[in-house]
Number of protein chains: 2
Amino acid sequence: REEVKMTDNAVFSQNKVLTIDTMNPNVKNVEYAVRGPIVQRAVQIEKELREGMKKPFTEVIKANIGDAHAMGQQPITFFRQVLALCSYPELLKDNMFPEDAKSRARRILQACGGSSLGAYSASQGIDCVRQDVARYIERRDGGVPCDPDNVYLTSGASDGIVTMLKLLVCGEGASKTGVMISIPQYPLYSAALAELGAVQVNYYLNEEKCWSMDLSELERSLAEARKHCNPKVLCIINPGNPTGQVQSRQCIEDVIRFAAKEHLFLMADEVYQDNVYAEGCQFHSFKKVLFELGPQYSNTVELVSFHSTSKCYMGECGFRGGYMEVINMDPEVKAQLIKLVSVRLCPAVPGQALMDMVVNSPQPGEPSYTTFMKERTATLSLLAEKAKLTEEMLNTVPGITCNPVQGAMYSFPNISLPQKAIKEAKALGQAPDMFYCMKMLEETGICLVPGSGFGQKDGTYHFRMTILPPTDKLKLLLAKVKEFHQKFTRQYS
Amino acid sequence: REEVKMTDNAVFSQNKVLTIDTMNPNVKNVEYAVRGPIVQRAVQIEKELREGMKKPFTEVIKANIGDAHAMGQQPITFFRQVLALCSYPELLKDNMFPEDAKSRARRILQACGGSSLGAYSASQGIDCVRQDVARYIERRDGGVPCDPDNVYLTSGASDGIVTMLKLLVCGEGASKTGVMISIPQYPLYSAALAELGAVQVNYYLNEEKCWSMDLSELERSLAEARKHCNPKVLCIINPGNPTGQVQSRQCIEDVIRFAAKEHLFLMADEVYQDNVYAEGCQFHSFKKVLFELGPQYSNTVELVSFHSTSKCYMGECGFRGGYMEVINMDPEVKAQLIKLVSVRLCPAVPGQALMDMVVNSPQPGEPSYTTFMKERTATLSLLAEKAKLTEEMLNTVPGITCNPVQGAMYSFPNISLPQKAIKEAKALGQAPDMFYCMKMLEETGICLVPGSGFGQKDGTYHFRMTILPPTDKLKLLLAKVKEFHQKFTRQYS
Ligand SMILES: Cc1ncc(COP(=O)(O)O)c(C=O)c1O
Ligand SMILES: Cc1ncc(COP(=O)(O)O)c(C=O)c1O
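Residues numbered from 1 in each chain as written. Chains lettered and ligands numbered in written order. Predicted model: local features only at pLDDT ≥ 70, side-chain atom pairs only at ≥ 80, totals over all residues. Heavy atoms only, no water.

As recorded in an unreviewed UniProt entry, chain A goes by alanine transaminase and comes from Oncorhynchus tshawytscha. Taken from UniProt, the Function (unreviewed entry) comment for chain A reads in full: "Catalyzes the reversible transamination between alanine and 2-oxoglutarate to form pyruvate and glutamate." Among the UniProt annotations of chain A, the heading Sequence similarities (unreviewed entry) holds the following wording: "Belongs to the class-I pyridoxal-phosphate-dependent aminotransferase family. Alanine aminotransferase subfamily." (UniProt positions renumbered as here; feature names shortened; annotations may be inferred.)

Trainee: Please explain the site of ligand 2 as it appears in this structure.
Mentor: Near ligand 2 lie 17 residues; those nearest to it are Ser158, Asn241, Asp269, Tyr272 and Ser308 of chain B. With respect to ligand 2, the side chain of Tyr120 of chain A contributes an N or O atom lying 2.6 Å from an oxygen atom. One of the side-chain nitrogen or oxygen atoms of Asn241 of chain B is found 2.6 Å away from an oxygen atom of ligand 2. Isolated, ligand 2 exposes 400 Å² of accessible area, and the fraction of that covered by the protein chains is 98%. The greatest single-element share of the shell around ligand 2, amounting to four residues, is contributed by helix H6 (residues 156–168) of chain B. Considering only residue class, the shell around ligand 2 consists of nine nonpolar, five polar and three charged. (Near = heavy atom within 4 Å. Polar contact = N/O pair within 3.5 Å; in protein donor to acceptor, adjacent residues only side chain to side chain. Areas by Shrake-Rupley, 256 points an atom, 1.4 Å probe, with all protein chains shown as cover. Helix = DSSP H or I, 4+ residues; strand = E, 2+ residues; numbered from the N terminus. Nonpolar A, V, L, I, M, F, W, Y, C, P; charged D, E, K, R; others polar.)

Trainee: Sorry, what's going on with the domain arrangement of chain A here?
Mentor: Reports of interface size often rely on the accessible area that becomes lost once the parts have come together. Residues and elements named next belong to chain A. Domain boundaries in chain A define domain 1 (25–72 + 372–491) and domain 2 (120–359). For domain 1 versus domain 2, the separation of C-alpha centres amounts to 27 Å. Across the contact, 37 residues belong to domain 1 and 37 residues belong to domain 2. Buried surface at the junction of domain 1 and domain 2, both sides included, amounts to about 3,000 Å², of which 58% is carbon and sulfur. Sorting the residues of domain 1 by area buried against domain 2 places Asn403, Gln406 and Ala408 first, and these three jointly supply 22% of that buried surface. Our enumeration of links across domain 1 and domain 2 arrives at one salt bridge. Asp274 is paired through a salt bridge with Arg376; the nearest N and O atoms lie 3.8 Å apart. Between domain 1 and domain 2 we count 17 residue pairs in polar contact (both at pLDDT 80 or more) in total. For the side of domain 1 that touches domain 2, the leading source of residues is helix H14 (residues 369–395), giving seven residues. Within the side of domain 1 that touches domain 2, the residues separate by chemical class into 18 nonpolar, 14 polar and five charged. (Domains from an automatic or database assignment. Contact = heavy atoms within 4.5 Å. Buried area = accessible area lost by both parts, 1.4 Å probe. Salt bridge = Lys/Arg side-chain N within 4 Å of Asp/Glu carboxyl O.)

Take a look at the structure:
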C-alpha cells in the first residue's frame, strides 16, 4: 500500500481498499451470459440509434432473455386487478372491479400485517399463500399430498435456487460439494456455484436425442466427479432452458432411481411447467413421479422443486414471485433454512400476492373465469405457434440444425461455423459463437446469446434465442438470421 | 452411510444427503434474533389464544420488529395510488386519481420493458429511477453531485448490504477480511458475516454518552483485530438500530478521518435518515460530510450508503425497495458488482417504483402535495411523541435506564437483573436477558428482543423495543413492562 502525506498531514492511500485484486475471488469467477457483453453492446447500439447513428438496421430485436412482457405479452387482467386492489384498498369501494378480484384482494390483505402489502410477511411467506400453493401442487399432481410447511415463497425462482445451494455447499479440497448440472444449463447455476466456491459437475444433454438426459452420461459424469470432489446434488431443468426439451416420464423415473441409488439431493427447476407445446409431450413433476415410484422412494429421496411467476402464461418477471417445495428435508435442516431466509426478512409481498393468484386462479362460475381462460389460452397457443415457427424456419437454413422446441421459451440450434471464422475468433480471444453473435448484432441488430454462455460439447457451437418476440418480429428476426448465417458462411469459406 | 436392500433390490440410504452435520457450517453459525425463538414463541402463543387457551393476557403486543404498517401505520396515499395505476394501467383512464399520480405512473411505466411492471428491469435498476435517486441525494446533501451510475437499486437495504459484503470478503486465516461493526448492532450484519465466513470485529458504542461512537474505541478494536485478521471495512448505522442514537457531525467527521487514515472501506447504513426526533439532533449523511472534508477525502475514501423504503415515514417494508450509492469505487470492481447483481436478474420492480416515489415525492403546486405533506408530517410527529413517551416511561422504572431515543424506531434500555435470575438463566443455558424477555412474553404477552441478540458489553443486559405500537397500546405496553420488571426483580431478590 502506497501512501502520500497531504497538506493537512493526514495520510491518504493511493490505492483503493476494494480492487479487482483484493475483492472476493469467487465473485470474480462468476459469469452470467444472459446479461453479458452482447446484451451490454445491444443497449449501447440502441442508444447510438437514438442518437441518429447510421446502422444497417433501424431497431435492435432482443431475443436474449425470457422476458415476456418486455416482448409485448399482456399481463392477465385478473392478476393486475387484484394487485391494484391490494395496493390501494380504497378501490375495494369502487364498482369497477369484479367481485372475485375483490374477494381475492380482501383475503390477501387479511393475511398481511396491518392489512397492508407494506408489512413484512413471515420469512417463509404468507401462511394463506403457502396453503394455496400446497393445494395447487396437490391438484397438479393428481392428489399427491403437499404440506404447506414444506412450501417456501421466494423472490423469483433464482432466490430459491441460490438459497438451496447455499445450504448444500460445504467442504474443501476433495470433500468439497459437487453439484451436477446439465450442459447446456441456465447460467444462474454456474454463477451461483462459482460464487459459493462449489465444484460444478457437468453432465451433457444428448443433442441427437432432442436434448434428453442419458443415464449413462449421468453415470460417467458422477464417476468422474467422485475422483476429485463430493458430488451431493443433481440439478435438472424441465422443461429445459436453453434447450426447450420436455422430459419423458421414463426419463424422470430413471433420474430419480439414479439419485436414490447414488445418494444425491435432487433440485428440479420446473419454472416452465405450463410451457409445453409439442404433441405427445406432457409435463410430469418430479414430485409426482417420485410418489408413483412407491414409499421406498417417496420417503427417502430428498427433492426440492422450484416455480416462479416469471414464466408460463404469466410472464410476470418484474414482481419476483416464486416458491419452492422441499420433500424429505431433515427437520433440523428445515429450521436452519427458516433461519437463513429470516435474515433477509421476507420475499417482496406483491410477488407473494401474485404467486397466490397463479395458484388460486379464477374458477368456473366466478365472474373473471372466462376472460382469464381466454387470456391464458391465447398466450399459450401463441407460444406454441411460435415454437413451431422457430424450429421450422431455423431448419431451413443450411448449416443450422434445430431440435423441436417442445417446451419452455427458447430454441438452441446448432450452428456450423467455418474454420476460418473459428480461427479469427480465437485470434481475438473470443468464443467462436460469441464472435458470430456479436457480428450478427452489429450487422442485423439481432441480440442472441452465444451457446458458450450456457455450455456445450467442445467443438460444437450454438446460440440461444427466445421465441417471445411478436410473430411478425419473430418472422423478421428468423429471416435476418437466415440471411446473416448464409452471408457469414460465405464470407469465411 | 448406512444402506439397506429393499424389496425391489434398489439400495436406499438410511441417511439423508443434507443433514445438520453435512450442511454448510457457515449457515449453521448464522443467528438472527429479530425473528428468533422469542418471536416464534409469540406466534405460538397467538395461536394458543385463538384456540381459547387461558393466559394472563388477551393479546400479544409485538414490539420486536421495525414493521410500521403491521403496527397500524397507514401508507402514504399518493404512493399507493401510483402503485395501483402502475399495476393496472386501465385505471389511467379513470377520473378518480389525481393528475400527478397519473403522470408519475406513466413515467415509470414508460421506463419499464413493454410498459409493464412485469418485465425484468436492468439489474442495476430502472434508469429513470436511478436518476431520480441521484437528484434526491443532491438535494439532501445541499448540492454535492451524485452520478446515477453510482446508484444501484436493491431489494430492501438488506440486499445491498449483503451484496457489498459479498464483494469485500475474502482470504483465509490471518488474511481473512475483518468487518468492523458496532455493538450493539443490527443482526443482519453478524448474520451476513457468519454466512460469508468473514471475521466480525466488534467496536462498542458508548452507552454512557448516549450510544455515541468513540474514536479511542475504534482504535482499540482495530488494533486488536489486526493481530488476527485483515480489517478492511467499517460499518456504521446512523440513526442507530437498536440504539436510537443520531450521530453528530463531528463524530461522522472523526469516523471518516479514521477510515482514511486506516484504509477502511466505509459502509453507512442510513435507512433511518428521516427518523430524527430529538431537539438539537440532525441527520448528516456520510457522503455530505465526506465532501465537506475536501477533495483529499472525497476523492479517496471509499463509501457506500444504503437507503430503503422500509423505514422513515413510509414504512413500506413488504415492497422490498431500496438503493445504495457507491463513492470512489474502483471501475473494475463496479463492473464486477454489476455482473454479480445480474445473476439474480433485478430487484422487484414494484419496490423500484416505490423507491422512485420516495425520492420524487409530490412537489408544491402539485395536486397531491398537501395531503402528502400532511400524512408525512403526522407520521413523523407521532413517532417523535412515541420516542419521547418511551424514554420517559422507561426511566420511571427502578432498574431500567434508557437513553433518549434521538432517532430510528427503537429504544434499547439497560436493565438490572438480580443475581438469582442470572444464575437461573445460566443454569437453563439461556442468556439472562433472553430468560427475562421469555418470562415477560409468557406473563404479559409482550414481545421484545433480548439485548443479547444485538450484542452488548459483558455483564450488561438490555432489551430492544420498537416505538411503533399505536400510542394507547404503547402506553399499555410500557405500563406492563414496568409492572413486570418490578415483579421480576422482587421475585429474584
Ligand atoms: C430455468 C430457469 N430457472 C430459473 C429462472 C429464474 O427466474 P426467476 O428468478 O425470474 O423466477 C429462469 C429464468 O429465466 C430459468 O430459465
Ligand atoms: C439498520 C437497518 N439496516 C437495514 C435494515 C433492512 O431493512 P430492509 O431490508 O427492509 O430495507 C433494517 C431493518 O430493520 C435496519 O434496521
